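Structural description and commentary
What follows is the residue order along each chain.
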Amino acid sequence: MSWLTEYVRPKLRSLLQRDIPDNLWTNCESCSQMLLIRDLERNMKVCPHCGHHMRATAHERMAWTFDGGNYTPIELPPMPVDPLGFRDSKKYTDRLKAARAKTELDDAMLVAHGTIGGMQAVVAVMAFEFLAGTMGAALGEAFLAACRLAILQKAPLIIFTASGGARMQEGIISLMQMPRTTIGVQMLREAKLPYIVVFTNPTTGGVSASFAMLGDIHIAEPNALIAFAGPRVIKDTVREELPEGFQRSEYLCEHGMVDIVAKRQELPPLLRRLISLLSPTEPDHAASELVSTVMGKKSDTKQQQSQATA
Ligand SMILES: [Zn+2]
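Within each chain, residue numbers correspond to sequence positions counted from 1 in written order. Note on the predicted model: pLDDT of at least 70 is required for a residue's local features to be given, and 80 or more for side-chain atom pairs to be given and counted; whole-chain, interface and lining totals, by contrast, use all residues. Heavy atoms throughout the structure, all of them, feed into the side-chain values; hydrogens and water do not.

Some words on the nonpolar core
Where a protein is soluble and globular, its nonpolar side chains tend to be buried together. Of all hydrophobic cores here, the largest spans 62 residues; its most connected members are Met-109, Leu-157, Phe-211 and Ile-219. The greatest single-element share of this core, amounting to eight residues, is contributed by helix α5 (residues 137-153). Throughout, a residue-residue contact means that at least one pair of heavy atoms, one from each residue, lies within 4.5 Å. In this structure, Leu-157 is in contact with Val-122, Ala-124, Phe-143, Ala-146, Cys-147, Ala-150, Leu-188, Pro-194, Tyr-195 and Ile-196, ignoring residues within four places of it in sequence. To qualify as a nonpolar core, a set must consist of buried Ala, Val, Leu, Ile, Met, Phe, Trp, Tyr and Cys residues joined through side-chain atoms within 4.5 Å. Residue burial is assigned from relative accessible area. The probe radius is 1.4 Å, only protein chains are included, and a residue is buried under 20% of its type maximum, exposed over 50%, and partly exposed in between. Secondary structure elements are taken from DSSP: a helix is a run of H or I of four residues or more, a strand is a run of E of two residues or more, and numbering for both begins at the N terminus.

As for the sheet that holds strand β3 (residues 72-73)
A pair of strands is considered paired only if DSSP assigns at least 2 bridges between the two. Across the sheet, which stays open at both edges, the seven strands sit in the order β3-β4-β5-β6-β7-β8-β9 with mixed pairing between neighbours. Edge strands, defined here as strands with exactly one partner in the open sheet, are β3 and β9 (260-261). One ladder, built from four bridges, connects strand β5 (residues 119-126) with strand β6 (residues 157-163); its direction is parallel. Residue Ala-124 lies in a different strand from β6, and its bridge partner there is Ile-159.

A few points about a nonpolar patch on the surface
The patch calculation keeps residues exceeding 30% relative accessible area without a salt bridge and links them within 9 Å when they carry like charges or within 5 Å when they are nonpolar (Val, Leu, Ile, Met, Phe, Trp, Tyr). The Shrake-Rupley method, run with a 1.4 Å probe, gives the accessible areas here. Residue values count only the displayed protein chains as cover. We count a salt bridge whenever a side-chain nitrogen from Lys or Arg sits within 4 Å of a carboxyl oxygen from Asp or Glu. Side chains of Trp-3, Leu-4 and Tyr-7 sit close together on the surface and give an oily, nonpolar patch of about 400 Å² of accessible area. Inspection of the secondary structure assignment puts Trp-3 in helix α1 (residues 3-16).

Quick word on helix α7 (residues 177-190)
The end-to-end C-alpha distance of α7, which contains 14 residues, comes to 20 Å, matching closely the 20 Å that a straight helix rising 1.5 Å per residue would cover. When α7 is considered as a whole, its buried residues turn out to be Gln-177, Thr-181, Gly-184, Val-185 and Leu-188. Here the buried residues of α7 occupy an arc of 95° about the axis, which is enough to place them on one side. Facing away from the buried side of α7, by more than 90 degrees, are the exposed residues Ile-183 and Glu-190. On its buried face, α7 sits against α5, β6, α6 (171-175) and β7 (195-203). At the C-terminal side of α7, Lys-192 shows a positive phi close to 55°. Here the expected length of a helix is defined as 1.5 Å per residue gap, with one fewer gap than residues. When we speak of the arc, we mean the arc of directions from the helix axis to the C-beta atoms.

Rendered as structure tokens:
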């Protein structure tokens, strides 16, 4: 035994065998580049190499949207679980239980309130991580709760959509949420409150065919799939080659279904600006300051004029 084998070798071994957590790195789904998860999260889950927007959780969206990441989620009304006693390869109740345990959400929508740019706002986020963001009775009720809260607070409603469509396990009840949520949008309209929709990848089926397409302003993250029936179904039906970028944000913006395509990092300032422009109760602070400065100058000049005449 030498100093080398007794001291240096174990030291080296312990250095080499130090536990390295295997969840530090991930690969970009689009360009396959290795990315440090910490850096990716700091970059709002947008690949710094190719700009691909990765899926975000409902709580991440909320934190990115509200001032200082502070928001208050509201308790959503309880709904009857599994109204049809549905079972496919698994019981619907078991699928719900598993989704609730995985996401710590009650259903596929999270509703919260807080301030955006100092102005009161209500935000609803669809959680794709909860059964693919599918719309059942609970989601319809959550959307209506968000509309009612916005009306109560005289605040704008912003919704981030992400959905695979209607929840087939609830059959006709899931389809009934389309007119129900449409009534919610109408309630906002009657209260003259802004309703802003931010489409994220993917927004499809009954969600895109109801409240998602009824916004006062439609914003979409780059390259998000926004469709009723997906491109594969359409291609098989019409038996024709579909145009490039069909049903993606940029294509829909060119064709008038989407107003603005905005990168994720651009969303917080854009939402602040839009709320400030659209909210009748909360004027643009910068604009009102400008107006008061101009008015102040005018009244100063008037005073000077009156003094001069006196
Ligand atoms: Zn990438």
